[in-house]
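# Geometric and topological summary
Chain residues, written in single-letter form:
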Amino acid sequence: MVIFGFGFFLTFLKRYKFSSTGFNLLIIVLGVQCSVLTEVVLAFFLQSRIEDDLKRITKAVVSMTAVVISTGAVLGKTNPVQLILMTVVEVLVFRLSRWINTIFLQVPDNISMMHVHLFGAYFGLAVSSRFSEPSPRSEKNASTPKSHLLSMLGTLFLWVFWPSFNSVLAADSKSKAIYNTYFALAVSAVTAFVLSVLTTKDGKFRMSHIHSAVLAGGVAVGYAAHSIEYPWIAMILGLLASVITILGSYCLQRCVNATLKIHDSSGVHFTFGLPAVLGAVAQVILLVIKNWTNLTSLGFFAMIHIGAFCFTISVALVTGFITGLILNLKLFKTVPVSKYFEDQIYWEFPHLAVGF
């Protein structure tokens, strides 16, 4: 799911398809190894029980979602060496963040893992803030019908397998997590099509809306998918997530990103960041409703979960900003703005060779 789905999900740039899929594979296989090694070293120093191999690999692959999301924010602006360094740093920092959440804040392990969307989006935005913005008129920073189609292929693959993603680490109620995720995804997809028609001048569907918003429900419901008792709650979350994504694509790109001078290449903020914030808040609200009779510990539990996702965002922003500064050192040969979104500086194209 992560390799194929996100690999094609990021192929929307017309001259950056090779790098989107190729570098995605590179950082995932490297990051999974780094994540597994980190788990073993951490278990050794903490004298804790080492989990079985399959569970460790599963957690490592889920953790890599954060890195892939962050890559989307800097897509086309980093070279392979910078991506490798960013991958290693993000894997280590995300594992440290999860460890603090589970040990000190007593957040369940599967909930702390669902911070992966939140961490990846804001880490990527912080890194992207240290890179120069491309020209708004750059012809390379654009899509074609073919690149949109490839990207939509990745989106469909992610949409189909997202229920298994949300349920794979659920200790109990896997079936509940699967059908709640499906209902949220289904409603977010329908909402995406409706809002796309309503928000375009000519009343036509816009592929960028569908590409971004159909996954929003799965992201938002991830925190509480295993505990939601009624499908209509998941459906409402899917509806709100899709609305936030499409409206956020207008507001953030035109107002916030322009003001803060942040170029978000693939819109990870409104595709993953905002739905994840919605999901984290919804999980706290559902927790309060479920434990309403236990007033003595209600406030404590609510503040713990609020503190956990606020802490995750803070760590992501701070470490992402520092990582962005490091990646822009002369040592790593930063890509000039004129070479952004260009496959030819990394890949061999025989048909472009002289004399072909």
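For the structure, see preceding data.
What you see is a predicted model; the values in this text were computed from it and never measured.

The rules behind each value
- Residues numbered from 1 in each chain as written.
- Predicted model: local features only at pLDDT ≥ 70, side-chain atom pairs only at ≥ 80, totals over all residues.
- Heavy atoms only, no water.
- Phe/Tyr/Trp six-rings, centres within 6.5 Å; stacked < 30°, edge-to-face > 60°.
- Helix = DSSP H or I, 4+ residues; strand = E, 2+ residues; numbered from the N terminus.
- Buried < 20%, exposed > 50% of the residue type's maximum accessible area, 1.4 Å probe, protein only.
- Polar contact = N/O pair within 3.5 Å; in protein donor to acceptor, adjacent residues only side chain to side chain.
- Contact = heavy atoms within 4.5 Å.
- Lys, Arg positive; Asp, Glu negative; His and termini not counted.
- Salt bridge = Lys/Arg side-chain N within 4 Å of Asp/Glu carboxyl O.
- Expected span 1.5 Å × (residues − 1).
- 1 Å grid on protein atoms, 1.4 Å probe; cavity = no way out; pocket = protein on both sides within 12 Å on 5 of 7 lines; lining within 4 Å.
- Points joined across faces, edges and corners; volume = space filled by probe spheres on them.
- Core = buried A, V, L, I, M, F, W, Y, C linked by side-chain atoms within 4.5 Å.

### Points about the packing of aromatic side chains
Taken as a whole, this structure holds 22 aromatic pairs when the rule is applied. Seen in terms of ring centroids, phenylalanine 4 and phenylalanine 8 are 4.8 Å apart; in terms of plane orientation they differ by 40°. Their pairing is tilted. Placement of the pair is phenylalanine 4 and phenylalanine 8 together in helix H1 (residues 2–9), with a separation of 4 residues, close to one helical turn. With 6.4 Å between their ring centres and 20° between their planes, tyrosine 230 and tryptophan 232 make a pair best called stacked. For tyrosine 230, a relative accessible area of 49% puts it in the partly exposed group. An aromatic cluster is defined as three or more aromatic residues linked by ring pairs; in this entry it consists of Phe6, Phe9, Trp162, Phe165 and Phe272.

### Details of the side chain of histidine 209
Within the secondary structure, histidine 209 is located in helix H9 (residues 207–213). A distance of 3.3 Å separates a polar atom in the side chain of histidine 209 from a polar atom in the side chain of serine 196. The contact partners of histidine 209, leaving out residues within four places of it in the chain, are Ala192, Ser196, Thr199, Thr200, Ile246, Ser249 and Tyr250.

### Considerations on the side chain of lysine 17
Topologically, lysine 17 is positioned in helix H2 (residues 17–46). One buried charged side chain, lysine 17, makes no salt bridge at all; its nearest oppositely charged neighbour is aspartate 343, positioned 6.8 Å away.

### Re H2
The end-to-end C-alpha distance of H2, which contains 30 residues, comes to 43 Å, matching closely the 44 Å that a straight helix rising 1.5 Å per residue would cover. Looking one or two residues beyond H2, the residue adopting positive phi is glutamine 47, at roughly 55°.

### Points about empty space enclosed by the protein
Evaluated as defined, the whole model comprises 4 cavities of 30 Å³ or more. Here the largest cavity is characterised by a volume of approximately 80 Å³. Take the lining of the largest cavity: its biggest share by element is 5 residues, from H2. Size it by volume and the second largest cavity reaches roughly 50 Å³.

### Digging into the nonpolar core
Among the nonpolar cores identified, the biggest contains 72 residues, and Phe6, Phe119, Trp162 and Phe272 are the most heavily contacted of them. Beyond its immediate sequence surroundings of up to four residues, phenylalanine 6 is in contact with Met1, Asn24, Thr65, Val68, Ile69, Leu158, Trp162 and Phe272. Ranked by size, the runner-up nonpolar core spans 14 residues in total, among them Ala184, Ala220, Leu237 and Leu278.

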